[in-house]
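# Reading the structure
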Amino acid sequence: MENSINNNFPIEIKDVESKTAEELMKFFTGEHTGFVRVGPKGYFLPHKYRQEASNIYNMEVRPSDIFVTSYPRSGTTWTQELVWMVANDLDYETSNAIPLTERYPFLEFSVFVHPVMMKRFHDENSDSERKIKLLEWVTQPATEQLALMTKQRFIKSHLPLSLLPPDLLDTAKVVYVARDPRDVAVSFYHLNRAMRTQGYIDDFKKYWKFFISDLHHWTPYFEHLKESWEKRNHPNLLFLFYEELSKDLPKAVRRVADFLGKSFTNEEIAKLCEHLSIDNFKNNKSVNYDVMKELGILISDGQSFIRKGKAGGWRDYFDEEMEQEADKWMEKNLRDTDLRFPHLK
Ligand code: A3P
């Protein structure tokens, strides 16, 4: 079992015990080596994280950078587009022309592309030079792309604050978005089936067990949220909830505008909210992860990256036993914090 700490990355990385890892890889077929746990909270990530941990932790942060971070499926894409539009003075033309994936390098995505899967994607796309270039671009470590960028940088990450550069909050701005974990789990379950880098092959009930047992990428879920929640009064961090965007999007837009020092008329805000509505998002090629579909990394099985876009849809997936288990799990994890989801207050 390999444990390691190095000076450039002063946080311990431990391999997940091989028996557990082998069991998990039967269900998550995109991983072929194993998993690690990182730091005192034991954040769960693919083995390949070892290669990138230090580059991410030590990347240069610039004062103009804007990070959008979250636990996956919490409304990251929605928040990214909102933040980008506000920061760029409602530049619809560029937003429509350049996909969000290009406007926001995904900091740790390369960690999720196992060499076995990379070879597979390469072989499948080998008939097109353009696609191979695209594949190489989306799977390249984002730190390399970011280092070369000269314009203001927008960065997506699902890493908790403790695994991001330690000077992040004192240097740049971070918008964090959180969502009811039951909706997160349902949404992430669908994505785990559709993304071949995850390749989940069983049912939701089993998936939910992995999720609440912290045997899933980027978990423990509540620790992730709590790290940002604790910093919610830091002037460079804005903490949002998906349910808050769902309930009153214009208000959320104003919060983001205040945070970024921008101001818009009511008409401009109404137009932006229309642009950000789920129906427009579903038809907006710039935000719906088409690149991943084109490369075959995301299976096009009718379940798109932008899915239902509703709060509370989890009820259709939970039986009574799971509902009770969820209540207990949430109650236990919220006991030592004043973090409360706005729709559950
Ligand atoms: P569902 O799968 O519940 O529909 P992320 O961007 O963090 O991966 O989050 C994806 C979730 O946000 C998906 O949830 C997706 O449908 C939802 N979402 C994306 N854009 C949205 C929008 N414009 N309005 C409401 N929900 C949106």
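Residues numbered from 1 in each chain as written. Predicted model: local features only at pLDDT ≥ 70, side-chain atom pairs only at ≥ 80, totals over all residues. Heavy atoms only, no water.

In the nomenclature of an unreviewed UniProt entry, the chain is known as Sulfotransferase 1C4 of Papilio xuthus. The record held by UniProt for the chain lists under Sequence similarities (unreviewed entry) the comment "Belongs to the sulfotransferase 1 family." (UniProt positions renumbered as here; feature names shortened; annotations may be inferred.)

In the vicinity of the ligand lie 18 residues, with Thr 76, Thr 77, Ser 187, Arg 307 and Gly 309 positioned nearest. Within the backbone of Ser 74, an N or O atom sits 3.1 Å from an oxygen atom of the ligand. Here Arg 307 contributes a side-chain N or O atom positioned 2.6 Å from an oxygen atom of the ligand. For the shell around the ligand, the secondary structure elements donating two or more residues are helix H3 (76–87) and helix H16 (278–282). Per element, the largest residue contribution to the shell around the ligand is 3 residues, and it comes from H3. Looking at side-chain class alone, the shell around the ligand contains 7 nonpolar, 7 polar and 4 charged residues. (Near = heavy atom within 4 Å. Polar contact = N/O pair within 3.5 Å; in protein donor to acceptor, adjacent residues only side chain to side chain. Helix = DSSP H or I, 4+ residues; strand = E, 2+ residues; numbered from the N terminus. Nonpolar A, V, L, I, M, F, W, Y, C, P; charged D, E, K, R; others polar.)

We now examine the environment of Glu 244. Of note, Glu 244 is situated in helix H13 (residues 242–247). With relative accessibility at 18%, the residue Glu 244 sits in the buried group. Placed 66 residues apart in sequence, Glu 244 and Ala 178 show a C-alpha to C-alpha distance of 9.7 Å. Ignoring sequence-local partners within four residues, the contact set of Glu 244 consists of Phe 239, Leu 249 and Arg 255. Here the side chain of Glu 244 touches Phe 241 through a polar contact of 2.9 Å, landing on its backbone nitrogen. Only 2.5 Å separates the side chain of Glu 244 from the side chain of Arg 255, close enough to count as a polar contact. (Buried < 20%, exposed > 50% of the residue type's maximum accessible area, 1.4 Å probe, protein only. Contact = heavy atoms within 4.5 Å.)

The next point concerns the nonpolar core. Formed by 121 residues in total, the largest nonpolar core has its most connected members in Val 38, Tyr 49, Trp 208 and Phe 211. Sequence-distant contacts of Tyr 49, that is, excluding residues within four places in its chain, are made with Phe 9, Ile 13, Val 36, Val 38, Val 111, Leu 159 and Leu 163. (Core = buried A, V, L, I, M, F, W, Y, C linked by side-chain atoms within 4.5 Å.)

This part takes up the side chain of Arg 73. Along the polypeptide, Arg 73 turns up in the loop between strand S5 (66–70) and H3. Looking at Arg 73, its side chain comes within polar contact range of the side chain of Ser 187, at 2.8 Å. Within the structure, Arg 73 has its side chain in polar contact with the backbone oxygen of Phe 305 (distance 2.9 Å). When sequence neighbours within four positions are dropped, the list of residues in contact with Arg 73 reads Arg 179, Val 184, Ser 187, Phe 188, Leu 191 and Phe 305.

Next up on the list: helix H10 (residues 181–194). Helix length check: H10, at 14 residues, gives a terminal C-alpha distance of 19 Å against a target of 20 Å (1.5 Å per residue), a fit within 8%. Of all 14 residues in H10, 13 are buried; the element is thus mostly enclosed. (Expected span 1.5 Å × (residues − 1).)

A full pass over the atoms with the stated rule returns 22 salt bridges. Across the pair Glu 294 and Arg 130 runs a salt bridge, and its minimum N-O distance is 2.3 Å. Of this pair, Glu 294 sits in helix H17 (residues 290–294) while Arg 130 sits in helix H7 (residues 129–139), placing them 164 residues apart in sequence. Exposure remark for Arg 130: the relative accessible area of 51% places this residue in the exposed category. Here Arg 335 ties to Glu 331 by a salt bridge, and the two come within 3.0 Å at their closest N and O atoms. The network of salt bridges with shared partners includes Asp 180, Arg 182 and Asp 327. (Salt bridge = Lys/Arg side-chain N within 4 Å of Asp/Glu carboxyl O.)

For residues that are not glycine, phi is negative in most cases, and the peptide bond is trans in most cases. Put simply, Thr 219 and Pro 220 share a cis peptide bond, and its omega is 5°. A positive phi angle, near 50°, is found at Asp 89, a position not held by glycine. Phi is positive for Asp 214, which is not a glycine, with a value near 60°. You can call Asp 214 partly exposed: its relative accessible area is 25%.

Okay, the sheet that holds S5 next. In a beta sheet, neighbouring strands are held together by backbone hydrogen bonds and run either parallel or antiparallel to one another. Taken in spatial order, the 4 strands line up as S6-S5-S7-S8 in an open sheet, and their pairing is parallel. Strands with a single pairing partner mark the edges of an open sheet, and in this sheet they are strand S6 (154–157) and strand S8 (237–241). Taking the axes of each pair of neighbouring strands and ignoring which way they run, one obtains an average angle of 20° across the sheet. The pairing of S5 with strand S7 (residues 173–178) spans 5 bridges and is classified as parallel. (Pairing = 2+ DSSP bridges. Axes fitted to C-alpha atoms, helices over the stretch in contact; angles between N-to-C directions.)

The next thing to look at is the pairing of S6. Both faces of S6 are covered, namely the face carrying Phe 154 and Lys 156 and the face carrying Ile 155 and Ser 157. Summarising the sheet, S5 and S6 pair through 4 bridges and their orientation is parallel. Each bridged residue has a counterpart across the sheet, and for Thr 69 the counterpart in S6 is Ser 157.

Leu 249, Ala 252, Val 253, Val 256, Ala 257 and Phe 259 are the residues of helix H14 (residues 249–259) that are buried. Down the axis of H14, the sector holding all buried residues measures 160°, keeping them to one side. Turned more than 90 degrees away from the buried face of H14, the exposed residues are Lys 251 and Asp 258. Where the residues of H14 are buried, they touch H3, S7, S8, H13 and helix H15 (266–275). Looking one or two residues past H14, Gly 261 carries a phi angle of roughly 70°, positive in sign. (Arc of directions from axis to C-beta.)

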